[in-house]
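Listed below are the residues making up each chain.
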Amino acid sequence: MMAMEIEIPPECCVVFYNDDHTKKQFVVDVLMSVFGKEEEEAFLLMEKIHNDGAAVIGVYTYDIAATRATIAKTRAKKKGFPLRIEVKK
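Here's a quick rundown of the structure.

## Overview of the packing of aromatic side chains
Centre distance and the angle of the planes are the two values used to describe a pair of aromatic rings. Per the counting criterion, the structure on display carries three aromatic pairs. For the ring pair Phe26 and Phe81, a centre distance of 5.0 Å and an interplane angle of 55° mean the geometry is tilted. Taken together, the positions of Phe26 in helix H1 (residues 24-33) and Phe81 in the loop between helix H3 (62-79) and strand E3 (84-88) put the pair 55 residues apart, joining distant regions of the chain. Exposure class is identical for Phe26 and Phe81. Each is buried.

## Observations regarding the environment of Leu83
As for its position among the elements, Leu83 is in the loop between H3 and E3. Owing to a relative accessible area of 9%, Leu83 belongs among the buried residues under this scheme. It is 8.5 Å that separates the C-alpha atoms of Leu83 and Val27, two residues lying 56 residues apart in sequence. Excluding residues within four positions of it along the chain, Leu83 makes contact with Phe16, Tyr17, Asp19, Thr22, Phe26, Val27, Lys73 and Ala76.

Thresholds applied
- Once a new chain begins, its residue numbering starts again from 1 and follows that chain's sequence as written.
- Owing to the predicted nature of the model, reporting of local features is limited to residues with pLDDT of at least 70; listing and counting of side-chain atom pairs is limited to 80 or more, with chain, interface and lining totals taken over all residues.
- Processing note: side-chain calculations cover all non-hydrogen atoms of the structure and skip hydrogens and water entirely.
- The criterion for an aromatic pair is that two Phe, Tyr or Trp rings (for Trp, the six-membered ring) have centres within 6.5 Å, with stacked assigned to planes under 30 degrees apart, edge-to-face to planes over 60 apart and tilted to the rest.
- By the criteria applied, helices consist of DSSP H or I runs no shorter than four residues and strands consist of E runs no shorter than two, each listed in order from the N terminus.
- Relative accessibility under 20% of the residue-type maximum defines a buried residue, over 50% an exposed one, and the middle range a partly exposed one, all with a 1.4 Å probe and only protein chains included.
- Whether two residues touch is decided by their heavy atoms; if any such pair falls within 4.5 Å, the residues are in contact.

Here's what the structure looks like:
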């Protein structure tokens, strides 16, 4: 019996970008509820996004990255925030 090779899916970065309208607390809440960050890490990431203009908030397989990014963007849109998130390969 031949061993079957399993291809590991490529990983993608999820990047959040700063804007002048999305509330900081909303970003922290999304990082915790959608991306599973602890409160302290979520706060530090939010500050990095705010101060640097953008930050990689996680590395996931494409499907997970795209799903979480879509959930976060949908929540932002419902609140009227223009939060920009990209999934980069």
